[in-house]
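Each chain is listed here by its residues.
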Amino acid sequence: MLTRIDHIGIACHDLDATVEFYRATYGFEVFHTEVNEEQGVREAMLKINETSDGGASYLQLLEPTREDSTVAKWLAKNGEGVHHIAFGTADVDTDAADIREKGVRVLYDQPRIGSMGSRITFLHPKDCHGVLTELVTSAPVESPEH
């Protein structure tokens, strides 16, 4: 069962400038950064709020690291802006299978590793009214050491 909006992915040409815009304009701070070599992106996660299911909602800013990445191709065609929406789920495998049974194309046969160690898959935008949709199961939160 989908439980929340996990994040909204925003494609940008200059990650540092885009982070600065969101910081200066809205006061959002970077929660996490990483480079995802498989997807060819450098990203920053800006935490917006905590959620009742123990997760959080983020803006995910994405800058391509190579011209053949999906985000680079999308930027070349569409320019900067909203790239995808991601819904949080406790079980990406089960929800992806349920959605596939309803006739929606799931882009990965098996979920892949996403931001902050999450497990992810994507749904085809042509089956989702033009919206690239991601399903995300967050990595377990490790308890603090005492």
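All values derive from a computational prediction rather than experimental measurement.

Caption draft 1: Spatial organisation of the environment of Gln60. Residue placement: Gln60 occurs in strand 4 (residues 56–64). According to the relative accessible area criterion, Gln60 is buried, its value standing at 5%. In sequence terms Gln60 and His83 are 23 residues apart; their C-alpha atoms lie 9.6 Å from each other. Among all residues touching Gln60, those that are not within four sequence positions of it are His7, Ile8, Gly9, Ile10, Glu43, Ala44, Met45, His84 and Ser115. Here His7 takes part through its side chain, which lies 3.1 Å from a polar atom of the side chain of Gln60. There is a polar contact of 3.2 Å between the side chain of Gln60 and the side chain of His84.

Caption draft 2: Expanded view of helix 3 (residues 92–101). Those residues of helix 3 not exposed but buried are Val92, Asp95, Ala96 and Ile99. For helix 3, the angular spread of the buried residues around the axis is 100°, confining them to a single face. Residues of helix 3 that are buried in the fold lie against strand 1 (2–11), strand 5 (81–89), strand 7 (119–123) and strand 8 (133–137). For helix 3, the N-terminal cap is Asp91; the gap from its side-chain oxygen to the backbone nitrogen of Asp93 is 3.2 Å. Remark: Gly103 follows helix 3 within two positions and exhibits a positive phi of approximately 95°.

Caption draft 3: Quick peek at the UniProt feature "domain: VOC" (unreviewed entry) in the chain. UniProt feature "domain: VOC" (unreviewed entry): in the numbering of this structure it lies at residues 4–138. Split by type, residues 4–138 is 23% helix and 41% strand. Its first and last C-alpha atoms lie 12 Å apart.

Caption draft 4: Expanded view of the packing of aromatic side chains. The full count for this structure, using the stated rule, is six aromatic pairs. Here a set of aromatic residues connected by ring pairs shows up, and it is made of Phe21, Tyr22, Tyr26 and Phe28.

Caption draft 5: Quick look at helix 1 (residues 15–26). With twelve residues, helix 1 extends 16 Å from end C-alpha to end C-alpha; this agrees with the ideal 16 Å at 1.5 Å per step. Along helix 1, the residues classified as buried are Leu15, Thr18, Val19 and Tyr22. The buried side chains of helix 1 occupy one side of the element, clustering within an arc of 105° when seen end-on. Counted as exposed and oriented over 90 degrees from the buried face of helix 1: Asp16 and Ala24. Here the buried face of helix 1 lies against strand 1, strand 2 (30–36), strand 3 (41–50) and strand 4. The residue sitting at the N-terminus of helix 1 and contributing the capping side-chain oxygen is Asp14; that oxygen lies 3.1 Å from the backbone nitrogen of Asp16. Phi turns positive, to about 80°, at Gly27, one or two residues after helix 1.

Caption draft 6: Region of interest: the pattern of salt bridges. The tally for this structure, following the rule as stated, stands at nine salt bridges. In this structure, the salt-bridge partner of Arg42 is Glu63, at a minimum N-O distance of 3.0 Å. Placement of Arg42 in strand 3 and of Glu63 in strand 4 is noted, with a sequence separation of 21 residues between them. The exposure class assigned to Glu63 is buried, which follows from its relative accessible area of 13%. Between Asp127 and Arg105 there is a salt bridge, with the nearest N and O atoms lying 2.9 Å from each other. One end of the pair, Asp127, is in the loop between strand 7 and strand 8; the other, Arg105, is in the loop between helix 3 and strand 6 (112–113), and 22 residues separate them in sequence. Residue class for Asp127 comes out partly exposed when judged on its relative accessible area of 26%.

Cut-offs used in this document
- Residues numbered from 1 in each chain as written.
- Predicted model: local features only at pLDDT ≥ 70, side-chain atom pairs only at ≥ 80, totals over all residues.
- Heavy atoms only, no water.
- Helix = DSSP H or I, 4+ residues; strand = E, 2+ residues; numbered from the N terminus.
- Buried < 20%, exposed > 50% of the residue type's maximum accessible area, 1.4 Å probe, protein only.
- Contact = heavy atoms within 4.5 Å.
- Polar contact = N/O pair within 3.5 Å; in protein donor to acceptor, adjacent residues only side chain to side chain.
- Arc of directions from axis to C-beta.
- UniProt positions renumbered as here; feature names shortened; annotations may be inferred.
- Phe/Tyr/Trp six-rings, centres within 6.5 Å; stacked < 30°, edge-to-face > 60°.
- Expected span 1.5 Å × (residues − 1).
- Salt bridge = Lys/Arg side-chain N within 4 Å of Asp/Glu carboxyl O.

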